[in-house]
Amino acid sequence: MTSVEFRTHFKSRNRGNADVSYQWQMNGSDYRQPLTDWSRSDGAETRFSAWTPVTNKACNQQERTTLVLHWFDLWTDRQRKEFICQLLRRCSKTQLKFTNDCLAQSVPISRMDFTAVLPRLLSLYIMSFLSPRDICAAAQVCWHWKFLAEQDCLWSPKCIRLGWFLPYSPSDYEYGAWKRHYVACAASLDILTPREAADVYGTLNESLTAPQEQEDRWREHKIRQTIRENLAEHKKAALKTRRAWLNASKLGTSFTGTIHKPLSLTAALVHLGEKCRLKNSLSSVEIRKPRLDLSMKSTLDSTSLLKTTSSLFNRPVMSSYYPLPHFLLVSSKVPGYELLLAAVQVSVLVLPYDSQGMTLEVLFSLAERVIQGRMLQSVGILVPGSTDDIMLTDELRITEKTVLKPCVREFWEKLCGWVVPASEGGSLNIFAPLAASVAGMGLLRKLSTLTGLNVKAPTGICTGSYQHIVSEWCGSGEFPPLLYLHEPVLLTWCRQAEWIEEACKDLRKQLEPQLHFMCQEIRGRILGQFLWDRIKMPVFSFKSEVMECLVHGLVALMNEAPDDPIDFLGHFLLKSSDNSNGLKNIDPLFLTENTSVNSPNPESPKVLLSDADRRSAVFGELLNSERTYVRQLQAVATVYYSPLRAALDSNRAIISSVNLITLFCPLLDILETNNAFLKELAERWQEWSPLQCVGDVWVKFCTRLRVYTNFFNNYPASLKTIDKCREMLPVFRNFLKRYDRTIATRMLSLQELLLTPSARVEEYVALLQALTLHTPPEHPDYTQLTSALDTLMTYRGFIHKLKKSLDRDLRMVEVQNTIQSCPNLLEGSRYLISTQDVALLNCLNGDIAASLRMYEHVSDVGLFLFNDALVLTERSVSSMPFCVAVNTTHTFLASVALHCLNLTEITDTKYVQNAFQLQSPKRQWICATDREEEKIRLLSALRSAINAAITRN
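What counts, and where the lines are drawn
Residues numbered from 1 in each chain as written. Predicted model: local features only at pLDDT ≥ 70, side-chain atom pairs only at ≥ 80, totals over all residues. Heavy atoms only, no water. Helix = DSSP H or I, 4+ residues; strand = E, 2+ residues; numbered from the N terminus. Areas by Shrake-Rupley, 256 points an atom, 1.4 Å probe, with all protein chains shown as cover. Buried < 20%, exposed > 50% of the residue type's maximum accessible area, 1.4 Å probe, protein only. Pairing = 2+ DSSP bridges. Right-handed = clockwise from strand over helix to strand, strands pointing away. Phe/Tyr/Trp six-rings, centres within 6.5 Å; stacked < 30°, edge-to-face > 60°. Axes fitted to C-alpha atoms, helices over the stretch in contact; angles between N-to-C directions. Parallel < 35°, antiparallel > 145°, perpendicular 65-115°, else oblique. Left-handed = near helix turned anticlockwise from the far one by under 90°. Contact = heavy atoms within 4.5 Å. Nonpolar A, V, L, I, M, F, W, Y, C, P; charged D, E, K, R; others polar. Salt bridge = Lys/Arg side-chain N within 4 Å of Asp/Glu carboxyl O. Patch = residues over 30% accessible without salt bridge, like charges linked within 9 Å, V, L, I, M, F, W, Y side chains within 5 Å. Core = buried A, V, L, I, M, F, W, Y, C linked by side-chain atoms within 4.5 Å. pLDDT = per-residue confidence, 0-100.

Asker: I'd like a description of the overall build of the protein, backed by residues and values.
Answerer: The helix and strand tally for the protein stands at 34 helices and 17 strands. Accessible surface, the protein as shown: approximately 54,900 Å² in total, 55% of it carbon and sulfur.

This is how it looks when you write it as structure tokens:
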């Protein structure tokens, strides 16, 4: 067979490309030597004639071809198809193969039945990922798909996962038994409402009032009635639309294919034994909810289960050789959280999230994307919290009472559904000091009941920044913080979290515009690593005795305040080295920095065996931290107030008498109150015993909290007075420059010393809760401690509201200054919920199907979501010359009341991603975010705010 060049000319339908030609190489027996240019011009040319000289073969073939093509163009579609069919019947196999190749090039195959191309093994593997409903829908495609969709290897894992076992052993030539069994079991399911589940299984439920309980029962009755009606209608419709192949004929009699025989009983037992050596139960199979556990007894009771052990699609077994990852949730409200992201261990999946405008539904969706269906060894929750609650979002405090709400309960059950059971080491680690209070322990118990895991939390007896994290944790096992974070960075962050947050604020403003294209986790890790490289502290390798001796020497130095500090410290260290028992003779210190510099001990340095010992330790911590607190207040009086007062009395006033009283009078009242409180505590410590009472001292102190109220009400005015005097009085400016951040003030400024009362109230609550926790109810001091605790917690709530109000006002002022040409935003109780940068789009062809619409990027827009309105701004970014920094400005564009705003989500297509539509009564905006996570968070916040606004109106 030789090859010949064959050229075909044809006209297109548009008749605009007459010169288009295709050249193919084909094998054939009618070989002709290609004609040269001079030979083509030989002979007479006749076009569309009935006769051509046989001697002019080139013109003969060309004329006949052109004539046939001309006729083909004049024919109808039906005539063309008949001609093509007759022409193909006359072709040889090689010519048909050539035609097939040409058609494959011109009309490529875009869709194909994968079951007809792939091996049956791969086709079944693909179908194994479908849900039962989707498999039943696939069975209706054709007979071949129906045969594949009823294979036992697809349905037996789904039945076994739910504990539905066949009551008999299927024969070798029977298929579809497991599917029929699944349908029969699903049709006979009985739904238990939460109330009925509580009666049968003792499920944890939220307590309801009598009207709520009656309404709940009525709702359950309506739900059951609706289910019965829908089932009856479905059965009637199924009988009317019954297909012919759903008859009573035996399944499998018409099947002539190959059926894979199950393993023998011996082989199945060997296979099952290998799995059991790795895990003691079938709960080791990686399933969605590990609580659906199958015991070995139920496994061996059914012969059908032995056949499923040879199934093609069993999930991989979790082996001890491959440790499971840990999962850590980190809130953006945690100060300096970027440094923690840089300290995350390699085996930890971390999810940093912005708590502004966040909901539990969106938070779980983000966690689901990070986990990607993998099993976890533990879950860590690093969010703001206290001794009795944690804050996953800005608007939701999870306490012992709110944890039973349906949305909160569903979140914890779903999140912990990826964690292995408690018998295999699964745990939930919360970094808030919940184990230091009775309410916190109640919350831990309820979380343990909901999740079925070991729930751990720090005891929180360490006061200070975030050092409760490196204190003793409840429960046994490894020290939880070191499972997620590297030790040196963790210790640095625990002691300096508030200062690190101030540094991170400037870093975010400078570097985040350069890293906006990265996700939040990568941005946080980069900022944290950059910060750690700048503040990295040397790792001390001294022995613990040396460090303890230095700590005692520095404490003695601060107490004595000698003229020559270095000489005093040297003599103290020499005296300690001469006396081997020198350290033992010093009173034990319950410092907030009592944790070892090298590593936090996972167990308490002193094994506290009884509540009496723990109660003594908590009271010792209270006494020593109170001494430190009083010394800080005394430093304000001696370093700042006394010189200013002396200058005023000597007619050389630095500031006026009114400003002096505004600045220091409330703080001096607090100092007087706490001096008396410290004196009473010291007297009780001298006579300390297991039966010693301190509740009366706390009750007396709570009656004097009015001095703290006066201080907090005057606190904003004090800060404004300091700023005003420093700006207008050079003498006062020099005075602050001389005394700020000295040894006498513990390297703190006057403004920083004024922060200590608010922090101390938080410490009071934590210490009093720990003291109440370790005081037995029959103790004579328990009643008064409980009364004082209730008073302090109420007062702490007042401080939280005050802080939240001031924080909202500051954010509103900042937004007002950010948006140019913006109307007044500081009205009523308005506050900012969330902000988001989006792209403003314009639809080019809105009259076609939504999946085919194309959009163009018009401009950049900023969305500022408030509790009653949505403000849209035009965002412009300008670059600075000779600098990589950029300048971002916002100009007011529009404002829409939330109760008049309609939100529509736009489905993702190949032309647009992460888009949504905002529609007001007068106009509409089509916006799109850069990432899907940003869209989910923004839409959730928008829907919640719109629903709340509609409810208010």
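Asker: Account for unusual backbone geometry, with residues named and values stated.
Answerer: The phi torsion at Asn651 lies on the positive side, around 60 degrees, for a residue other than glycine. Considering the arrangement of structural elements, one finds Asn651 in the loop between helix 26 (611–649) and helix 27 (657–686). Residue class for Asn651 comes out exposed when judged on its relative accessible area of 73%. You will see that Asn914, though not glycine, has its phi angle at about 55 degrees, which is positive. Residue class for Asn914 comes out buried when judged on its relative accessible area of 9%.

Asker: Which residues make up the pairing of strand 4 (residues 348–353), and what are the values?
Answerer: Burial analysis of strand 4 places 6 of its 6 residues in the buried class, which makes it a mostly covered element. Burial of the side chains of strand 4 extends over both faces: Val348, Val350 and Pro352 are buried on one face and Leu349, Leu351 and Tyr353 on the other. Sheet topology places strand 3 (residues 326–331) next to strand 4; 6 bridges connect them, and they run parallel. Among the inter-strand pairings, Leu328 is bridged to a residue of strand 4, identified as Val350. With helix 16 (residues 337–342) bridging strand 3 and the parallel strand 4, this β-α-β connection has right-handed handedness.

Asker: Requested: an account of the packing of aromatic side chains, with residues and values cited.
Answerer: Here the structure, examined in full by the defined rule, presents 31 aromatic pairs. With a centroid separation of 5.3 Å and an interplanar angle of 55 degrees, the aromatic rings of Trp155 and Tyr182 are classed as tilted. You can see Trp155 sitting in helix 9 (residues 152–161) and its partner Tyr182 sitting in helix 10 (residues 177–187), a full 27 residues away along the chain. An angle of 70 degrees between the planes, with centres 6.3 Å apart, marks the rings of Tyr640 and Phe735 as edge-to-face. Of the two residues, Tyr640 sits in helix 26 while Phe735 sits in helix 30 (residues 730–739), which places them 95 residues apart along the sequence. A network of ring pairs unites the aromatic residues Phe677, Trp698, Phe701, Tyr708, Phe711, Phe712, Tyr715, Tyr764, Tyr795 and Phe798 as a single cluster.

Asker: Tell me what's going on with the environment of Phe147, and back it up with residues and numbers.
Answerer: The topology assignment puts Phe147 in helix 8 (residues 143–149). Phe147 sits 28 residues away from Tyr175 along the chain, and the two C-alpha atoms are 8.7 Å apart.

Asker: Report on the packing of helix 29 (residues 706–728) against helix 32 (residues 756–773), specifying residues and quantitative values.
Answerer: Interaxial distance between helix 29 and helix 32 falls to 11 Å at its minimum, and their mutual angle equals 140 degrees. What the angle tells us is that helix 29 and helix 32 run oblique. Regarding helix 29 and helix 32, the two cross each other, and that crossing is left-handed. Where helix 29 approaches helix 32, its residues Tyr708, Phe711 and Phe712 are matched on the opposing element by Pro757, Ser758, Val761 and Tyr764. Taken together, the residues of the contact of helix 29 with helix 32 sort by class into 6 nonpolar, 1 polar and no charged.

Asker: Could you give an account of the pattern of salt bridges, with specific residues and numbers?
Answerer: Should their charged atoms come close, side chains of opposite charge can pair. Evaluation of the coordinates by the stated rule reveals 26 salt bridges. A salt bridge links Asp389 to Arg397; the shortest N-O distance between them is 2.7 Å. Taking the relative accessible area as the measure of exposure, Arg397 reaches 35% and is therefore partly exposed. Between Glu680 and Lys700 there is a salt bridge, with the nearest N and O atoms lying 2.8 Å from each other. Placement of Glu680 in helix 27 and of Lys700 in helix 28 (residues 695–702) is noted, with a sequence separation of 20 residues between them. Residue Lys700 is classed as partly exposed on the basis of its relative accessible area of 37%.

Asker: Explain the sheet that holds strand 8 (residues 427–430) residue by residue, including any values.
Answerer: If you trace the 5 strands from one edge of the open sheet to the other, you get 4-3-5-8-9, paired in parallel fashion. Only two strands of the sheet have a single neighbouring strand rather than two, namely strand 4 and strand 9 (454–456). Taking each pair of neighbouring strands and ignoring which way they run, the sheet shows an average axis angle of 15 degrees. By the bridge criterion, 5 bridges tie strand 3 to strand 5 (residues 378–382) in an arrangement that is parallel. Bridge pairing in strand 5 links Leu328 to Gly380.

Asker: Provide a residue-level description of the environment of Trp418, including the pertinent values.
Answerer: Relative to the helices and strands, Trp418 is located in the loop between helix 18 (406–415) and strand 8. In this structure Trp418 comes out as buried when scored by relative accessible area, which is 1%. Linking Trp418 and Val379, residues 39 residues apart in sequence, is a C-alpha distance of 9.2 Å.

Asker: Before we move on, can you summarise the sheet that holds strand 15 (residues 902–905) with the specific residues and values?
Answerer: The sheet built from 8 strands is open, its strands ordered 10-14-13-12-11-17-16-15 with mixed pairing. The open sheet has two edge strands with one neighbour each: strand 10 (819–820) and strand 15. Direction of pairing for strand 11 (residues 832–843) relative to strand 12 (residues 855–866): antiparallel, over a ladder of 11 bridges. By the bridge assignment, Val838 is partnered in strand 12 with Val861.

Asker: Could you give an account of a nonpolar patch on the surface, naming the residues involved and the relevant values?
Answerer: Residues Ile109, Met112, Val117, Leu118, Leu122, Tyr125, Ile126 and Phe129 make up a contiguous nonpolar surface patch of about 810 Å² in total accessible area. Looking at the element boundaries, Leu118 is found in the loop between helix 5 (114–117) and helix 6 (120–127).

Asker: Go over the packing of helix 28 against helix 33 (residues 782–818), please, and point to the residues and values.
Answerer: Following both chains from N to C, one finds helix 28 and helix 33 inclined at 30 degrees, their axes separated by 8 Å at the closest point. Here helix 28 is positioned roughly parallel relative to helix 33, judged by the angle of their axes. Where helix 28 crosses over helix 33, the two elements pack in a sense that is left-handed. Between helix 28, through Gly695, Asp696, Trp698, Val699 and Cys702, and helix 33, the contact on the second element is made entirely by Gln784, Leu785, Ala788, Thr791 and Leu792. Its residues assigned to classes, the contact of helix 28 with helix 33 shows 6 nonpolar, 3 polar and 1 charged.

Asker: An account of the nonpolar core is needed here, citing residue identities and associated values.
Answerer: Counting 60 residues, the largest nonpolar core has Trp698, Tyr708 and Phe732 as its most contacted members. Breaking this core down by element, the ones donating at least two residues are helix 26, helix 27, helix 28, helix 29, helix 30, helix 31 (750–753), helix 32 and helix 33. If we skip the residues at most four places from it in the chain, Tyr708 touches Tyr629, Ile670, Asn674, Phe701, Pro757, Val761, Tyr764 and Tyr795. The next biggest cluster of nonpolar side chains, apart from the first, holds 43 residues, and it includes Ile398, Phe411, Leu415 and Cys416.

Asker: An account of the side chain of Ser427 is requested, with residue identities and associated values reported.
Answerer: Its place among the elements puts Ser427 in strand 8. What makes Ser427 buried here is its relative accessible area of 6%. Among all residues touching Ser427, those that are not within four sequence positions of it are Gln377, Ser378, Val379, Val419, Leu453 and Asn454.

Asker: Pulling in residues and values, what's your account of the confidence of the model for the protein?
Answerer: Mean pLDDT over the protein stands at 76; residues scoring 70 or higher make up 74%. In the model, residues 1–49 has pLDDT below 50 throughout and makes 54 contacts with residues more than four positions away in sequence or in other chains. Here residues 244–321 is a poorly scored stretch, pLDDT under 50, and it has 101 contacts once near neighbours within four places are set aside; other chains count.

Asker: Quick rundown of the environment of Lys679? Include the residues and the values.
Answerer: Within the fold, Lys679 resides in helix 27. For the pair Lys679 and Leu623, spaced 56 residues apart in the sequence, the C-alpha separation amounts to 9.7 Å.

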